[in-house]
Amino acid sequence: MKALITGGCGFIGSHLAEALLARGDQVTVIDDLSTGRFENVAHLAGHPSFHFAIESITNETVMDRLVSECDRIYHLAAAVGVDLVVRDPVHVLETNVKGTEVVLRIGARYRKKLILASTSEVYGKSTAIPFAEDDDGILGATTRSRWSYACSKAMDEFMALAYHKQMALPVIIMRFFNTVGPRQTGRYGMVIPRFVKQALRGEPLTVYGDGQQSRCFTYVGDVVKAVVALSEEPAAVGQVFNIGSTEEVTIEELARRTITLADSASEVVYIPYKEAYEAGFEDMRRRVPDITKIGSLIGWAPTVDLDGILTRVIEHMRSDNGSAVKGAEPPGPAMERSHRPIEDR
Ligand code: UDP
């Protein structure tokens, strides 16, 4: 199997590349390193079955060649992270909508199976518990940038399903619920790498809002197993799947558990959303996946619980020669950040 991974230098993409190489696939990665990092795949660079192109997926000439040469496309390239979405919505919309349009069009030209990474954000601020794949998404106003990400990924899903319906393109859509694990950076807002870094540095853990919002964090290794198994399952084609853990935790409890597991003396501080992101920011209170569909089709369920995830992230950040811990500060409040050039953030 020759796999093409768009966004393969990113957090999930790099773990997927490892898993596919381990089972004997040829893997080509395309990544423009906008949020991905070459260090994520540096250890794979000498592997005879690993190839990479540092290029944007909007480069149609390069994409045409790479897609024509592969058997299957894992489309993970996207601008992600709530912090990035609020700071740079133009980049988010252009990457997610234009980029996916190119991948689908060229995928259809060569009729290649396409596995599309989507997100639980598409459910928006729906209060359903849990979210099933056919449930309604409820998106907020266009004046609130946060929803631009959800909307861009919903558009990706619409486009993929339209290509499937009209052009018989074999597509599978995966909605990830807060995928976490080693190599994820806190630079774009993700809470676990931020909390672990803060705890290891002995700095206060920054809980946004009242900390009573909850999430279900899913280990990247479990997510990759689901992605690989779904891509092998013919009955998955044309379908949407939630991929997530059902272990729910409030962000306040997450902060306390991180402090305990990291054996840290850090305190917890509460930061209003308007300072953390922007005025009028809307967060989801709860977000729990219904994973019946993927469970019935391929028998998948998560295997690593939250304490297991936190322990692995803590170990990874500690063992990374301390560089992850010593590295640049996570972004501060939005007002400060907006004065910094994008390249510096
Ligand atoms: N969050 C927080 N402190 C941080 C970063 C994030 O309290 O330093 C909160 C954020 O407001 C959200 C939750 O943690 O309620 C999960 O945030 P993340 O960006 O990781 O994922 P989301 O579920 O928002 O996509």
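Just so it is clear, the structure is predicted and the values come from calculations on it, not from any experiment. (Residues numbered from 1 in each chain as written. Predicted model: local features only at pLDDT ≥ 70, side-chain atom pairs only at ≥ 80, totals over all residues. Heavy atoms only, no water.)

Turning next to the overall build of the protein chain. Counting secondary structure elements, the protein chain contains 13 helices and 13 strands. In terms of C-alpha radius of gyration, the protein chain reaches 19 Å, essentially the compact-globule figure of 20 Å for 345 residues. The principal-axis extent of the C-alpha atoms belonging to the protein chain is close to 55 × 45 × 45 Å. Residue burial in the protein chain is summarised as follows: out of 345 residues, 54% are buried. Sequence-distant contacts, at least 24 apart, represent 81% of the contacts inside the protein chain between residues at least 6 apart. Accessible surface, the protein chain as shown: approximately 14,400 Å² in total, 53% of it carbon and sulfur. When the 38 positive and 45 negative side-chain charges of the protein chain are each reduced to one mean point, those points stand 2 Å apart. (Helix = DSSP H or I, 4+ residues; strand = E, 2+ residues; numbered from the N terminus. Rg over C-alpha atoms; globule rule 2.2 N^0.38 Å. Buried < 20%, exposed > 50% of the residue type's maximum accessible area, 1.4 Å probe, protein only. Contact = heavy atoms within 4.5 Å. Areas by Shrake-Rupley, 256 points an atom, 1.4 Å probe, with all protein chains shown as cover. Lys, Arg positive; Asp, Glu negative; His and termini not counted. Charge placed at Lys NZ, Arg CZ, Asp CG, Glu CD.)

Tracing the chain through its elements places Ser152 in helix 5 (residues 146–167). Apart from the residues lying within four places of it in its own chain, the contact partners of Ser152 are Val92, Leu93, Asn96 and Val97.

This part covers the confidence of the model for the protein chain. Mean pLDDT over the protein chain works out to 92, with 93% of the residues at or above the 70 mark. Within the model, pLDDT remains below 50 along residues 329–345, and this stretch shows 27 contacts once partners closer than five positions in the same chain are excluded. (pLDDT = per-residue confidence, 0-100.)

What follows is about unusual backbone geometry. A cis amide bond links Ile129 to the next residue, Pro130, at an omega of -10°. For Pro130, the location among the structural elements is in the loop between strand 5 (113–119) and helix 5. One non-glycine residue, Asn178, lies in positive phi territory at about 40°. In this structure, Asn178 sits in the loop between strand 6 (171–176) and strand 7 (179–180).

Our next topic: the packing of helix 4 (residues 89–110) against helix 5. Contact geometry for helix 4 and helix 5: axes closest at 9 Å, N-to-C directions at 10°. If you check the angle between helix 4 and helix 5, you find them roughly parallel. Residues Pro89, Val92, Leu93, Asn96, Val97, Thr100, Glu101, Leu104, Arg105 and Ala108 of helix 4 pack against Ser148, Tyr149, Ser152, Lys153, Met155, Asp156, Met159, Ala160, Tyr163 and Met167 of helix 5. Counted by class, the contact of helix 4 with helix 5 contains 12 nonpolar, 4 polar and 4 charged residues. (Axes fitted to C-alpha atoms, helices over the stretch in contact; angles between N-to-C directions. Parallel < 35°, antiparallel > 145°, perpendicular 65-115°, else oblique. Nonpolar A, V, L, I, M, F, W, Y, C, P; charged D, E, K, R; others polar.)

We now examine the pairing of strand 8 (residues 205–208). Of the two faces of strand 8, both are covered, the one formed by Leu205 and Val207 as well as the one formed by Thr206 and Tyr208. Relative to strand 13 (residues 268–271), strand 8 runs parallel, the two sharing 4 bridges. Residue pairing for strand 13: Leu205 is matched across the bridge by Val268. (Pairing = 2+ DSSP bridges.)

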